[in-house]
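Here is what each chain is made of, one letter per residue.
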Amino acid sequence: MSTAVIESEQPGAAEEPPIQSFLVTFIIRRFDPEVDEEPRWVDYDVEMYPTERVLDALHKIKWDQDGSLTFRRSCAHGVCGSDAMRINGRNRLACKTLIKDLDISKPIYVEAIKGLPLEKDLVVDMDPFLDAYKAVQPFLISHSKPEHGHERLQSAEERARFDDTTKCILCAACTSSCPVFWTDGQYFGPAAIVNAHRFIFDSRDDAADVRLDILNDKEGVWRCRTTFNCTEACPRGIQVTQAIAEVKQAILRGSR
Ligand code: SF4
Ligand code: FES
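Treat the numbers as computed from the prediction; the structure is a model and nothing was measured.

### What to know about the overall build of the protein chain
(1) Moving on: Per the secondary structure count, the protein chain includes eight helices and eight strands.
(2) Moving on: In terms of its C-alpha atoms, the protein chain occupies a principal-axis envelope of roughly 65 × 50 × 30 Å.
(3) Moving on: Taken over 256 residues, the protein chain has a buried fraction of 37%.
(4) Moving on: A fraction of 63% describes how many contacts in the protein chain between residues 6 or more apart in sequence connect residues 24 or more apart.

Below, the structure written as structure tokens:
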């Protein structure tokens, strides 16, 4: 790692401390299905500032060094969930991972999330993940019309019951950090269960029993081994393991 000092060009900058940049080595697991038989690790040295993110490094590599580097991103601000990847062996969003929070005295390893088919470089096929999500019917199902033709009301306590699981951005960081999912691609996975939880415990929904039945499958909640990888990986801070435990308890009770 080498360092450089950049003086700010802002008026009055002479009184401000200089902004220090660093040369950081990123080692990225690359795979081009048209050329490579196996993925290969490739090194890139990139000038970075502490306040930049891993996503900024990927942009610099793509724009300045190798335009073929392939990755997904959209919002760049932790909202869309498209840039989950393994950074130093841990699932994170590249747009939420600051360089200053990593040990830049060593290379930073970046690779695609695990457990889903690798398509190219940092891009995986999300279809199996989204198929599991769709299978739990992640939408409000009601057998009655709202009273007086107005909105469906619920108390603050009823809303709080599933507040945590409304925060999911479908990034797949949880599901692709789960050792059960790595070895059994049929397992619904934490994200699908989180999104089932969001409707199972919604007082306005009438299909909790349907979803509980779906998740009482041999590839459902009982495959969870409570390793907490999912909770640690979630960039939204969702208590994923707890949500899975609550769905298990609802199945045992026979009701939400
Ligand atoms: S629960 Fe968290 S880690 Fe899993 S898909 Fe949703 S936001 Fe991503
Ligand atoms: S690019 Fe949207 S969450 Fe990171």
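Here the narrative resumes.
### Examining helix α5 (residues 190-200)
(1) Moving on: Burial of α5 is extensive: eleven of the eleven residues sit out of reach of the surface.
(2) Moving on: Buried within α5 are the following residues: P190, A191, A192, I193, V194, N195, A196, H197, R198, F199 and I200.
(3) Moving on: Where α5 is buried, its residues touch α2 (127-135), α6 (208-215), α7 (229-233) and α8 (240-253).

### Let's talk about the domain arrangement of the protein chain
(1) Moving on: When its domains are assigned, the protein chain resolves into domain 1 (3-124) and domain 2 (127-253).
(2) Moving on: Centre-to-centre, using C-alpha coordinates, domain 1 lies 31 Å away from domain 2.
(3) Moving on: Residue-level contacts link 13 residues of domain 1 with 14 residues of domain 2.
(4) Moving on: Per-element tally for the side of domain 1 that touches domain 2: the top contributor is strand β5 (residues 90-93), with three residues.
(5) Moving on: Its residues placed into classes, the side of domain 1 that touches domain 2 shows six nonpolar, four polar and three charged.

### Brief notes about the site of ligand 1
(1) Moving on: Surrounding ligand 1, one finds 16 residues, the nearest of these being C168, C171, C174, A191 and C234.
(2) Moving on: No other element matches α5, which puts three residues into the shell around ligand 1.
(3) Moving on: Grouping the constituent residues of the shell around ligand 1 by class yields 14 nonpolar, one polar and one charged.

Reading the values: the criteria
Residues numbered from 1 in each chain as written. Chains lettered and ligands numbered in written order. Predicted model: local features only at pLDDT ≥ 70, side-chain atom pairs only at ≥ 80, totals over all residues. Helix = DSSP H or I, 4+ residues; strand = E, 2+ residues; numbered from the N terminus. Buried ≥ 20, exposed ≤ 12 C-beta atoms within 10 Å, placed from the backbone. Contact = placed C-beta atoms within 7 Å. Domains from an automatic or database assignment. Nonpolar A, V, L, I, M, F, W, Y, C, P; charged D, E, K, R; others polar. Near = placed C-beta within 6 Å.

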